[in-house]
Structures are given as C-alpha cells and as structure tokens.
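What follows is the residue order along each chain.
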Amino acid sequence: MNEIIKSLEAAQLKAEVPSFSVGDTVKVYAKIKEGNRERIQVFEGTVLKKQGGSNRETFTVRKNSNGIGVEKTWPLHSPNVEKVEVVRHGKVRRAKLNYLRDRVGKAAKVKELVK
C-alpha cells in the first residue's frame, strides 16, 4: 500500500524546484484565472516558513501592502505556481519566522546573507 502512495506522489512532483530557504525574499509567479482568461500575478515577500514534504510541501510568504501585512501559502509543486524566483538570501537562525508578524517597518527586515 505504501509503495502505491509513493508512486502516485512521485508522479505529481515538479521536475525543477527552486532552492530557497526561510528568510529569503522571493517572487512567486502565480497563475490567476479570471473567467476564461489566465494571467500571471507576482507576489514578492519574505518566506516565513516551509513545511511538509514530497508533493505536500508548502511555503508561506509575507509582504507589507499599503501598511497591511499580507500572507499567502502556496503548495510548492502546484501547477498554479509558475515559478519562484529568489531576490535576496536572508540570514536567519530559526525555521519559522512568526515573530515578524508583530513587527513593522525596519524592525520587520531580515539581514541579507553575504557570501
């Protein structure tokens, strides 16, 4: 039974998945359907968390839009996510950045990782 589930999940995985981690600033190109038309909308923000595994892996991105914090969670292997582009690599020391929700302005920034 377990092998059947693994084979079904492996068929749903994307061939190329971008490598990004928590704290990175990313641009998510998402497909939006409006009636019979389809367009791509860009959502740019900081990755707060990554969770799950295999084809169930999701990531949450937060941005500040007109003074209001907006968070969206996407499945990584979804066909509605066109691509994920890394803008900046962040330097963080934890897996979930829930503390950023309480912060505004410069305090909500994540330091850039310089290599």
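Residues numbered from 1 in each chain as written. Predicted model: local features only at pLDDT ≥ 70, side-chain atom pairs only at ≥ 80, totals over all residues. Heavy atoms only, no water.

Describe the overall build of the protein chain, naming the residues involved and giving the relevant values.
Broken down by element type, the protein chain carries 1 helix and 5 strands. Helices and strands in the protein chain line up, N terminus first, as α-β-β-β-β-β. Looking at the protein chain as a whole, 28% of its 115 residues are labelled buried. Across the protein chain, every contact between residues at least 6 apart in sequence was considered, and the portion connecting residues at least 24 apart equals 51%. Counting only carbon and sulfur atoms, one obtains 48% of the accessible surface of the protein chain, whose full area is about 8,200 Å². (Helix = DSSP H or I, 4+ residues; strand = E, 2+ residues; numbered from the N terminus. Buried < 20%, exposed > 50% of the residue type's maximum accessible area, 1.4 Å probe, protein only. Contact = heavy atoms within 4.5 Å. Areas by Shrake-Rupley, 256 points an atom, 1.4 Å probe, with all protein chains shown as cover.)

Explain the sheet that holds strand β4 (residues 68-75) to me, and be specific about the residues and the numbers.
What the 5 strands build is an open sheet, ordered β4-β3-β2-β1-β5; its pairing is antiparallel. In this open sheet, the two edge strands, each paired with only one partner strand, are β4 and β5 (81-88). When strand polarity is set aside, the average angle formed by the axes of neighbouring strands in this sheet is 40 degrees. Relative to β5, strand β1 (residues 25-34) runs antiparallel, the two being bridged by 6 bridges. Of the residues in β5, the one forming a bridge with Lys27 is Glu85. (Pairing = 2+ DSSP bridges. Axes fitted to C-alpha atoms, helices over the stretch in contact; angles between N-to-C directions.)

For the packing of aromatic side chains, give the residues involved together with the corresponding values.
For the structure on display, the rule yields 3 aromatic pairs. Relative to Trp74, the ring of Phe43 lies with its centre 5.3 Å away and its plane at 70 degrees, an arrangement referred to as edge-to-face. One end of the pair, Phe43, is in strand β2 (residues 37-51); the other, Trp74, is in strand β4, and 31 residues separate them in sequence. Accessibility assignment for this pair places Phe43 and Trp74 in one class, buried. Between the aromatic rings of Phe59 and Trp74, the centroid separation amounts to 6.0 Å while the plane-to-plane angle is 35 degrees, which identifies the pairing as tilted. Here the residue Phe59 occupies a position in strand β3 (residues 58-65), and Trp74 occupies one in strand β4, the gap between them amounting to 15 residues. (Phe/Tyr/Trp six-rings, centres within 6.5 Å; stacked < 30°, edge-to-face > 60°.)

Go over the nonpolar core with me, naming the residues and quoting the values.
If you look at soluble globular proteins, the nonpolar side chains tend to sit buried side by side. In terms of nonpolar packing, the biggest core is built from 12 residues, these being Phe20, Val26, Val28, Ala30, Phe43, Val47, Phe59, Val61, Trp74, Leu76, Val81 and Val84. Of all elements in the fold, only β1, β2, β3 and β5 reach the threshold of two or more residues within this core. In terms of residues, this core owes the most to one element, β1, which gives 3 residues. Beyond its immediate sequence surroundings of up to four residues, Phe43 is in contact with Val26, Lys27, Val28, Val61, Lys63, Val70, Lys72 and Trp74. (Core = buried A, V, L, I, M, F, W, Y, C linked by side-chain atoms within 4.5 Å.)

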